[in-house]
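Observations on chain architecture
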Amino acid sequence: MKDVLIWIHGDCLNPHSPALLAHPDAPRVFVFDEEVLAHYRLSLKRIAFMYECLLEIPRVEIRKGQVVAELAEAAREQGCTRIVTVESIAPRFAQLRAKLQREHNLPVEVLPLEPFAELSQTEQARIELKRFSRYWNPIKAKALALNQSFDW
Amino acid sequence: MKLKTVFNHRDELIAYLRETFPDAAARSPEIADTRGGRKAAEAALAQIKPERYAATRNHLKGAVTRLAAYLRHGVLTLAEARRAVLQRGGVKAEKLVTEFAWRDYWQRVYAQIGDGIWKDRESLKTGWRPTDYAEKLPDDIAQGTTGLRCMDGFADELRQTGYLHNHARMWLAAYVIHWRRVRWQAGAAWFLEHLLDGDPASNNLSWQWVASTFAVKPYYFNRDNLEQFTDGVYCRACQRYRNGCPFEATYDELQTRLFPRASERVSNR
Ligand SMILES: Cc1cc2nc3c(=O)[nH]c(=O)nc-3n(C[C@H](O)[C@H](O)[C@H](O)COP(=O)(O)OP(=O)(O)OC[C@H]3O[C@@H](n4cnc5c(N)ncnc54)[C@H](O)[C@@H]3O)c2cc1C
């Protein structure tokens, strides 16, 4: 599938990310977001840590600048027409994703990551986020049990 | 702009990063010993001793996992970490899995409120108004020149290593917010600059927990507590040990001193 570009972002610097597993031959790009670096005043040690994580991802292309513009340029260079990535709850992720579609006509498919604990809809509905205990008590037993399907 | 991806050794990488990210290098040039990458993450995961963790995690020298930066950046998933420690520790891993759950909890709150994590979740329970707190982090705290060995030591460690033990984060945050009466947001932004695991959700919501805007009472501590979980290493070297240590008091005394206007008792005990 030559048309796919994988967007690696800071919430999943994992060589076994679902996006990489789903498209093992696709080009993959990470962009150091200059606005984020400046806004949070991120220190060099943090950048170095992330860079070392990235260097363990085979054939990764690392860029810095405006995320949307850099991804669009990478897509153009590689002849890709769509982007695949994994979920992130950061508000900025949703904004960048919308902008890629809007300004560059690049659809972004978002693959789910494995959740902390597999919960049924009923369990999910019992969770309240007001306090930790109200979140934890309903799911505790499940989260402390090993899911057999992963046990081999 | 495309960046280099081939380096012969770590020093070469670091020299390249200094050139490529000059603003960050000028602000805080330190490089941590902690290595990034999946291999390092797996090595850290392999070393976890769930039972020892449960028994010693509150102590600064306790058997904590140091997984935070890998989890923050998704080098490992929380699901993988959970499975690995349950396989190894069974019921003995309960404490550790509960700590993992804190991360999941904060993430869920973040998913719900987004940038709202920068605003007070609830009202303060300290008796102070939001405007009673200073906007900016005082320089002596960030520079580690308060004269308090513990707090200066934590500030240095944060800057040098990008890591602090959970208890040190709690003490430092409580000092900033309750003793110096600084807005939690100023402290939170400072931590996010330096922590390798800096995570808007875990960080800000923990600061709010200390501040009392996401808890039923503020978190504070006294010297006995700090001395106990540090083996007194800071106190022994501190000039202010017998000369105006602001933490030497009972919880009742501290409550009167720090929160004189609080309507309800906010004691930690
Ligand atoms: C003021 C303050 C700021 C914090 N900022 C951050 C932050 O930016 N990023 C961050 O990941 N954690 C943060 N924490 C939570 C906690 O201190 C760190 O996750 C922990 O100290 C990291 O060290 P460790 O990996 O050795 O932890 P361990 O004690 O070995 O715990 C294992 C893992 O569980 C999770 N965990 C444990 N305790 C907590 C907690 N209270 N909240 C959320 N996750 C937890 C972490 O992912 C951690 O890696 C903060 C806590 C406080 C009090």
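A brief report on the enclosed structure follows. Computed from a predicted structure; not experimentally measured.

Our focus in this paragraph is the overall build of chain A. Check the secondary structure of chain A and you find 7 helices and 5 strands. Listing every helix and strand of chain A by position from the N terminus yields β-α-β-α-α-β-α-β-α-β-α-α. For chain A, the C-alpha atoms occupy an extent of roughly 50 × 40 × 30 Å along the three principal directions. Sorting the 152 residues of chain A into buried and exposed places 49% on the buried side. Taking the intrachain contacts of chain A between residues at least 6 apart in sequence as the baseline, contacts between residues at least 24 apart amount to 66%. Distance from the positive charge centre (20 side chains) to the negative charge centre (20 side chains) of chain A: 6 Å.

What follows covers empty space enclosed by the protein. Overall, the coordinates contain 2 cavities of 30 Å³ or more when judged by the stated rule. What the largest cavity holds in volume is close to 90 Å³. In terms of lining, the largest cavity is formed by Leu148(B), Cys150(B), Arg223(B), Leu226(B), Cys235(B), Cys238(B), Tyr241(B), Cys245(B) and Phe247(B). A class-by-class count of the residues in the lining of the largest cavity yields 8 nonpolar, no polar and 1 charged. Here the second largest cavity is characterised by a volume of approximately 50 Å³. Surrounding the second largest cavity, Trp7(A), Ile8(A), His9(A), Cys12(A), Asn14(A), Ser17(A), Ala19(A), Leu20(A), Ile57(A), Thr85(A) and Val86(A) form its lining.

Residues and elements named next belong to chain B. Looking at the element boundaries, Thr213 is found in the loop between helix H12 (200-211) and helix H13 (223-230). Looking at Thr213, its side chain comes within polar contact range of the side chain of Gln208, at 2.6 Å. Discounting chain neighbours no more than four positions away, the residues touching Thr213 are Asp120, Arg121, Glu122, Ser123, Leu124, Lys125, Trp184 and Gln208.

Moving on: the environment of Ala72(A). All names here are of chain A. With respect to the secondary-structure elements, Ala72 resides in helix H4 (residues 67-78). Overall, Ala72 belongs to the buried group, its relative accessible area being 5%. Ala72 sits 55 residues away from Ile127 along the chain, and the two C-alpha atoms are 39 Å apart. Contact partners of Ala72, with chain neighbours within four places excluded, come to His104 and Leu106.

What follows covers the pattern of salt bridges. All names here are of chain B. In this structure the tally under the stated criterion is 37 salt bridges over all chains. Across the pair Glu99 and Lys95 runs a salt bridge whose closest N-O atoms are separated by 3.6 Å. Taken together, the positions of Glu99 and Lys95, both in helix H7 (residues 94-113) and 4 residues apart, correspond to about one turn of that helix. For the salt bridge of Arg223 with Glu248, the shortest nitrogen-to-oxygen distance reads 3.6 Å. Of this pair, Arg223 sits in helix H13 while Glu248 sits in the loop between helix H14 (233-236) and helix H15 (251-258), and the two are 25 residues apart along the sequence. The exposure class assigned to Glu248 is partly exposed, which follows from its relative accessible area of 46%.

About the thresholds
Residues numbered from 1 in each chain as written. Chains lettered and ligands numbered in written order. Predicted model: local features only at pLDDT ≥ 70, side-chain atom pairs only at ≥ 80, totals over all residues. Heavy atoms only, no water. Helix = DSSP H or I, 4+ residues; strand = E, 2+ residues; numbered from the N terminus. Buried < 20%, exposed > 50% of the residue type's maximum accessible area, 1.4 Å probe, protein only. Contact = heavy atoms within 4.5 Å. Lys, Arg positive; Asp, Glu negative; His and termini not counted. Charge placed at Lys NZ, Arg CZ, Asp CG, Glu CD. 1 Å grid on protein atoms, 1.4 Å probe; cavity = no way out; pocket = protein on both sides within 12 Å on 5 of 7 lines; lining within 4 Å. Points joined across faces, edges and corners; volume = space filled by probe spheres on them. Nonpolar A, V, L, I, M, F, W, Y, C, P; charged D, E, K, R; others polar. Polar contact = N/O pair within 3.5 Å; in protein donor to acceptor, adjacent residues only side chain to side chain. Salt bridge = Lys/Arg side-chain N within 4 Å of Asp/Glu carboxyl O.

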